[in-house]
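Report on the structure
Okay, here's what each chain looks like letter by letter:
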Amino acid sequence: MSNAQPTASRRSLSLDWYAVALAILAALLVRLNLIPPVKW
Amino acid sequence: MATAAIRTPRADSLGQRTIALIPGLLLLGAVGYAGKFIQQSINAYTKSHHIAFPDIEYVLWAIVIGLVLANTVGVPRIFAPGVATYEFWLKAGIVLLGARFLLGDVLHLGGISLLLVAIALSLSLAFMHLLGRAFKLKPKLTSLLAIGSSICGVSAIIAAKPSIDADDEDASYAIAAILALGAISLFTFPLIGHALHLSDKAYGLWAGLAVDNTAEATAAGALYSDAAGKVAVLAKTSRNALIGFIVLGYALYWSSRGQAARVGNKAAFLWNKFPKFILGFLLISLLATLGFFAKPQLASLANLSRWAFLLTFAGVGLRTNLRELGRQGWRPFAVGAIGEAFIALLTLGLVYGADRFLRL
């Protein structure tokens, strides 16, 4: 078994947590009105 | 037709790694925004000149611009680290999308999705193994193709590869075939959905159940309509939640044959393979349901999710390498293609049935 894939797997798992953390931080900033309304 | 062809150059310190992301992030933003600009410009022009023209979503433009760039001039190495973040934006976008769902809707549609996923999974896994045997593929390559096409594409293959001790070559073949088929489904699914006059919910559910990669499933849904994109993400997320169980099943099977390492703590194994962004999605959906956010704040979160997806769709086009397909050999692709067609038909039938009997 190569070592490359477990590393990639671990990295993608921590990527999940970073994505969750960023999204929750953004949600909190929006909730506390610390960023202006986001337009599309 | 596709593979993750962009290699990430090595950067050492955290600061260097962060700076290395900037060019690619700017490219993702530019390609995604160009897609949005083209959609708005065409709509404004056709409206002001009273021309009847279909509203082509920015998703398609962003993907096509990315595809053309990547397969003509190519994507220089300096952009690679930033472009590779498209999956990060996808996950952040899915978490924020939770703001557009009441938890009751998540449980209703997610429950239906899980039921359909369970039926489709068992039939598609069996079918893929029959195909693999008929085409004389290596058993572990067949396992990877079956996992990739029935659960969640590349992530599932990457999660399964070390667990079943498959070769690097098999994993690359399976990933290339799954990405190629995902790219094809981007263009065929919306056409079929419109031809069959599927409702937004039915189409979204179908795309979420049948398209392999989460990025492609999200894009295939969004290409149909905003509402279909929302449902596609939910259905795909339900499918992703099962990744650990399927990979565990395969790991136990190959280990019982002495061809993979023994699985120790099964609960820890399942937790390791579980996509954690689903928890973030559920949390935001719960907060939205409990009235934690005011209405304009919910709109802001939904728009943040759209911006995150815009970067994702740009990345889908930019990492798709059309030339790579020819190098992968036709058999894994043929098995994947026949299997995908089977899964698409099977899930379409299931969605029709669910629409009729379970009221989507």
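Residues numbered from 1 in each chain as written. Chains lettered and ligands numbered in written order. Predicted model: local features only at pLDDT ≥ 70, side-chain atom pairs only at ≥ 80, totals over all residues.

A closer look at the overall build of chain B
Per the secondary structure count, chain B includes 17 helices and zero strands. With the C-alpha coordinates of chain B rotated into their principal frame, the extents come out at 65 × 50 × 40 Å. For chain B, long-range pairs separated by at least 24 residues make up 82% of all intrachain contacts whose partners lie at least 6 apart in sequence. (Helix = DSSP H or I, 4+ residues; strand = E, 2+ residues; numbered from the N terminus. Contact = placed C-beta atoms within 7 Å.)

Considerations on the overall build of chain A
Each helix and strand in chain A was counted, giving one helix and zero strands. Out of the 40 residues belonging to chain A, those deemed buried represent 20%. (Buried ≥ 20, exposed ≤ 12 C-beta atoms within 10 Å, placed from the backbone.)

Observations regarding the packing of helix 2 (residues 58-71) of chain B against helix 15 (residues 295-318) of chain B
Residue and element names in this part refer to chain B. Helix 15 packs onto helix 2 with a crossing angle of 35° between their chain directions and a minimal axis gap of 6 Å. Crossing hand, helix 2 versus helix 15: right-handed. Seen from helix 2, the contacting residues are Val 59, Ala 62, Ile 63, Val 64, Ile 65, Gly 66, Leu 67, Leu 69 and Ala 70; seen from helix 15, they are Leu 310, Phe 313, Ala 314, Val 316, Gly 317 and Leu 318. (Axes fitted to C-alpha atoms, helices over the stretch in contact; angles between N-to-C directions. Left-handed = near helix turned anticlockwise from the far one by under 90°.)

Let's talk about the interface of chain B and chain A
In many analyses, interface size is given as the accessible surface area lost on bringing the parts together. Counting from both sides, the interface comprises 30 residues of chain B and, opposite them, 25 residues of chain A. Where the side of chain B that touches chain A is concerned, the elements lending two or more residues are helix 4 (86-97), helix 7 (153-163), helix 8 (168-195), helix 14 (277-289) and helix 15 of chain B. For the side of chain B that touches chain A, the leading source of residues is helix 15 of chain B, giving seven residues. Residues that form the side of chain B that touches chain A fall into these classes: 17 nonpolar, six polar and seven charged. (Nonpolar A, V, L, I, M, F, W, Y, C, P; charged D, E, K, R; others polar.)

Considering the nonpolar core
As a rule of thumb, nonpolar side chains are buried together in soluble globular proteins. Leu 96 and Ile 157 of chain B are the most contacted members of the largest nonpolar core, which has 122 residues in total. Apart from residues no more than four positions distant in its own chain, Ile 157 of chain B is found in contact with Leu 144, Ile 147, Gly 148, Ala 171, Ala 174, Ile 175 and Ile 178 of chain B. (Core = buried A, V, L, I, M, F, W, Y, C linked by C-beta atoms within 7 Å.)

Side note on helix 12 (residues 243-256) of chain B
All names here are of chain B. Along its 14 residues, helix 12 runs 20 Å from first to last C-alpha, staying within 8% of the 20 Å computed at 1.5 Å per residue. Against the buried residues of helix 12 lie helix 6 (139-150), helix 7, helix 11 (226-241) and helix 13 (266-273). Backbone geometry just downstream of helix 12 places Gly 258 in the positive-phi region, at approximately 75°. (Expected span 1.5 Å × (residues − 1).)

Points about the environment of Leu 181 of chain B
Residue and element names in this part refer to chain B. Within the secondary structure, Leu 181 is located in helix 8. For Leu 181, a count of 29 C-beta atoms within 10 Å gives the class buried. Note: C-alpha distance between Leu 181 and Val 211 (30 residues apart in sequence) is 8.5 Å. With residues near it in sequence (within four places) discarded, Leu 181 still touches Asp 212, Gly 336, Ala 337 and Glu 340.

What to know about the environment of Leu 32 of chain A
Along the polypeptide, Leu 32 of chain A turns up in the segment after helix 1 (4-31). Accessibility expressed as a C-beta count within 10 Å gives 9 for Leu 32 of chain A, which makes it exposed.

Comments concerning helix 2 of chain B
Residue and element names in this part refer to chain B. Helix length check: helix 2, at 14 residues, gives a terminal C-alpha distance of 20 Å against a target of 20 Å (1.5 Å per residue), a fit within 8%. Within the span of helix 2, buried status applies to Tyr 58, Val 59, Leu 60, Trp 61, Ala 62, Ile 63, Ile 65, Gly 66, Leu 67 and Ala 70. Lining the buried residues of helix 2 we find helix 1 (14-48), helix 8, helix 10 (214-224) and helix 15.

Overview of the environment of Glu 169 of chain B
Residue position: Glu 169 of chain B is located in helix 8. Residues Glu 169 of chain B and Leu 141 of chain B lie 28 residues apart in sequence; the distance between their C-alpha atoms is 8.9 Å.

What about the packing of helix 6 of chain B against helix 17 (residues 330-357) of chain B?
All names here are of chain B. Remark: helix 6 packs on helix 17, axes separated minimally by 10 Å, with the N-to-C direction vectors making an angle of 35°. Relative to helix 17, the crossing made by helix 6 is right-handed. Contact with helix 6, carried on its side by Leu 141, Leu 145, Ser 149 and Ser 150, involves Pro 332, Val 335, Gly 336, Gly 339, Glu 340 and Ile 343 of helix 17 and no other residues of that element. Broken down by class, the residue content of the contact of helix 6 with helix 17 amounts to five nonpolar, four polar and one charged.

Things to note about the confidence of the model for chain B
All names here are of chain B. Mean pLDDT over chain B: 86, with 94% of residues reaching 70 or higher. The model gives residues 1-5 a pLDDT under 50, and that stretch makes 23 contacts with residues more than four places away or in other chains. The ipTM value of the predicted complex is 0.80, and its pTM value is 0.82. (pLDDT = per-residue confidence, 0-100.)

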